[in-house]
Each structure stands twice: as C-alpha cells, then as structure tokens.
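Structure assessment
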Amino acid sequence: DAFYSCLTLELRQPQEVDHSDLTYEQTLQRSRESVRYLRQGFYPLPVHIICSNTNITQDQLRSTINKNKNNNNINHNLQQTDELGMTSLHLLCLNPKATPEMFKLL
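Below is a short write-up of the structure.

A look at the overall build of the protein chain
Assigned secondary structure in the protein chain consists of seven helices and zero strands. Ordered by position from N to C terminus, the α and β elements of the protein chain give α-α-α-α-α-α-α. A total of 106 residues make up the protein chain; the buried ones form 23% of that total. Long-range pairs, those at least 24 residues apart, make up 60% of the contacts in the protein chain between residues at least 6 apart in sequence. Counting every atom, the protein chain has about 8000 Å² of accessible surface; 51% of that belongs to carbon and sulfur.

What follows is the structure, given as structure tokens:
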C-alpha cells in the first residue's frame with residue numbers, strides 16, 4: 001500500500017464520533033463552517049485549485065506550479081495545507097483524471 005505510512009492521511013481517516021450530545025446550535029454552526037469551507041474552496045492556494053480540477057492537464061499543472069514559485073522554493077507551495085490539512089498531492093490523489101506524469105511534477 002503506497003500510502004501505508006502517510007501520517008497525514010492517517011489523521012484524515014474518519015473517526016467514530018458521537019454527535020448525539022451536540023445542541024442544535026452546535027450542529028448548525030458545524031454546518032455553516034462546512035458550507036463556508038466549500039464556498040471558499042482552496043483560496044489562495046492555486047496549486048490546490050488546479051489539482052482538484054477534474055479537467056486538469058499536465059501542462060496546466062506545470063504552468064500553475066511555475067507561476068507560483070515562492071522565491072524559487074516550489075517545495076513551500078507544494079507543502080502548504082488547506083484548512084483540512086490537505087496538500088496538493090492529497091488532492092491530486094483524489095482526482096480521477098490525474099496521471100503518473102502529474103504526480104512526478106509534484
């Protein structure tokens with residue numbers, strides 16, 4: 001299993017949570033937070049945006065990576081995480097249109 005030792009993915013595995021003790025207001029607040037995250041998307045993380053796009057091409061990914069180099073340190077951009085702790089690699093792994101060549105770019 002290629003992701004056996006990936007601690008970040010291990011942290012993202014669903015845990016059994018008992019929500020029965022949540023009040024209506026707490027449940028509503030969690031819903032609002034989820035909607036806000038979904039609306040906000042991955043702003044301002046352009047590599048995340050392109051990696052989650054199901055119309056992605058290898059050239060688009062390469063171009064986005066090159067445009068967003070941070071003082072010639074691309075690793076900084078590729079290691080950034082969104083609010084859920086996901087990197088661009090995690091999102092590319094979830095993308096059904098991803099190719100091996102795209103993974104090599106990351």
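Remarks on the environment of serine 88
Secondary-structure assignment places serine 88 in helix α6 (residues 88-94). A sequence separation of 42 residues divides serine 88 from proline 46, and the C-alpha atoms of the two residues are 9.2 Å apart. Here serine 88 is in contact with Val47, His48, Cys51, Leu78, Gln80 and Leu106, once residues within four sequence places are set aside.

What to know about the nonpolar core
The biggest cluster of nonpolar side chains holds 13 residues, and the ones touching the most others in it are Cys51, Ile56, Leu61 and Leu92. Those elements that place two or more of their residues in this core are α3 (46-52), α4 (58-67) and α6. With three residues, α3 is the largest single contributor of residues to this core. Once you skip the residues sitting within four places of it in the chain, leucine 92 turns out to touch Cys51, Ile56, Leu61, Ala98, Met102, Phe103 and Leu106.

Observations regarding the environment of isoleucine 49
Position of isoleucine 49 relative to the elements: it lies in helix α3. Spatially, the C-alpha atom of isoleucine 49 lies 8.2 Å from that of serine 88, the residues being 39 residues apart in sequence.

Some points on α4
Along α4, the residues classified as buried are Leu61, Thr64 and Ile65. Along the axis of α4, the buried positions cluster into a sector of 100°, meaning they face one direction only. Opposite the buried face of α4, at more than 90 degrees from it, the exposed residues are Asp59 and Lys67.

Here's the deal with the environment of leucine 105
Relative to the elements of secondary structure, leucine 105 occurs in helix α7 (residues 100-105). Between the C-alpha atoms of leucine 105 and arginine 62, which are 43 residues apart in sequence, the distance is 6.9 Å. Sequence-distant contacts of leucine 105, that is, excluding residues within four places in its chain, are made with Gln58, Leu61, Arg62, Ile65 and Leu78.

The rules behind these values
- Residues numbered from 1 in each chain as written.
- Predicted model: local features only at pLDDT ≥ 70, side-chain atom pairs only at ≥ 80, totals over all residues.
- Heavy atoms only, no water.
- Helix = DSSP H or I, 4+ residues; strand = E, 2+ residues; numbered from the N terminus.
- Buried < 20%, exposed > 50% of the residue type's maximum accessible area, 1.4 Å probe, protein only.
- Contact = heavy atoms within 4.5 Å.
- Areas by Shrake-Rupley, 256 points an atom, 1.4 Å probe, with all protein chains shown as cover.
- Core = buried A, V, L, I, M, F, W, Y, C linked by side-chain atoms within 4.5 Å.
- Arc of directions from axis to C-beta.

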